[in-house]
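Structure at a glance
Single-letter residue listing:
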Amino acid sequence: MKRRNFIKKATLTSFATIIGTEIVFGKNIIAGYQPLGLQEPDPFKLFQLDDEMVVLNNKPWNIEAKAHLLDDKITPNSKMFIRNNGRIPTDIDEKNWTLTIDGESVNTKKTYTINDLKTKFKQYTYQLTLECGGNGRSEFDPPAKGNQWTVGAVSCATWTGVRLRDVLEDVGIKSNAVYIGYHAADTHLSGDPSKEPISRGAPMSKALQDETLIAFKMNGKKIPIAHGFPLRLVAGGWPASVSGKWINRISIRDKEHDGNKMKGTAYRVPKNPVAPGDKVIDEDMKIIESMPVKSIITYPKSGAIINKSNTLNIRGHA
């Protein structure tokens, strides 16, 4: 039902936008029928998702889990939220993919193939929590702009790769290094190649943590395309926007990184408490770093009817 409703709604929206008016016969269209030439890709097939995942947006793709779908100890691909800012790259050549380390604060600019990373550095596997900075936004009052995430924009998969710190030691970083910034192969929704959809980063203290990885596997297999294949930065515990997908360059900065989604209100919060809805000047905002611990009940499922004579085992995650 979720799949059918998504496809029908997305198709009618696209058609109405093109012809510039409401589709008066829209209610009578057979479920699953799509006007010729306006076929939207089915995200459930495209990303191999559980049928109960919830699509919030398709331009770009933003999809979350319901609480009971997060009952697994290790989040599988089929139940892992998807948060994108631009278009997923389509011309990926894994064998010739490279990662360049550059910036004002590196001793020597270097470029690595994926095979270089796998053979030159020790590999590590960690189970890490990634959570969208906007998870829970739908509960805000007054409402906040952006995707109206409920509780399902969070995951805890295993990631395998090499430590970013080992790669930075190989390159050699200067004493004035302050921040890293990532750059990736996804494209801006406008199609303008000069615009980056997102380019965020983290201070050196986070970049040099053992658990901050340049990852090439998720749950023991190649990272799925929606989650950053073939190479992803993974910085657990911080907003998932720090864990850049499809990365091909990391710049070592002598200042706070100033890429797209690093300024204004993007992934930033007031330094001091303010009344809901109040405007805050830029100087009084700070970048979100370590995410606050949250918890959810994953069993029983919301709405479940339990016989009052039964013993109830409750499960969840923090």
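To keep things clear, this report deals only with the structure shown in the data block. The residue numbers shown here count from 1 along each chain, following its written sequence. In keeping with the predicted nature of the model, local features appear solely for residues at pLDDT of at least 70, side-chain atom pairs appear and are counted solely at 80 or more, and the whole-chain, interface and lining totals rest on all residues. Based on all heavy atoms of the structure, the side-chain values leave hydrogens and waters out of the count.

1. A look at the sheet that holds strand E8 (residues 179–184)
- A sheet is described by the order of its strands in space; here five strands give the open sequence E5-E4-E13-E8-E9, paired in mixed fashion. Where the open sheet ends on each side, the last strands, each with one partner, are strand E5 (110–113) and strand E9 (201–203). For this sheet, the mean inter-axis angle between neighbouring strands, taken without regard to orientation, is 15 degrees.
- Sheet topology places strand E4 (residues 98–102) next to E5; four bridges connect them, and they run antiparallel. From the neighbouring strand, Ile101 faces E5, where its bridge partner is Lys110.
- Any two residues whose heavy atoms approach within 4.5 Å at even a single point are treated as in contact. All axes here are fitted lines through C-alpha atoms, helices being fitted over the stretch that makes contact, and every angle between N-to-C directions spans 0 to 180 degrees. Numbering of helices and strands runs from the N terminus; a helix is a DSSP stretch of H or I covering at least four residues, while a strand is a stretch of E covering at least two. Where helix H4 (residues 164–171) meets the sheet, its contacts fall on E4, E5, E8 and strand E13 (247–253), and the angle it forms with E5 comes to roughly 135 degrees. At least two bridges found by DSSP between two strands is the condition for calling them paired.

2. Side note on the pairing of strand E2 (residues 61–64)
- Think of it in three bands: with a 1.4 Å probe and only protein chains considered, a residue is buried below 20% of the maximum accessible area for its type, exposed above 50%, and partly exposed in between. Across the two faces of E2 the burial is the same, with Trp61 and Ile63 and Asn62 and Glu64 all buried.
- Of the strand pairs in this sheet, strand E1 (residues 54–58) and E2 are connected by four bridges, and their pairing is antiparallel. Residue pairing for E2: Val55 is matched across the bridge by Ile63.
- Hairpin connection, E1 to E2: the antiparallel pair is bridged by two residues.
- Here two bridges tie E2 to strand E3 (residues 82–83), and the two strands are oriented antiparallel to one another.

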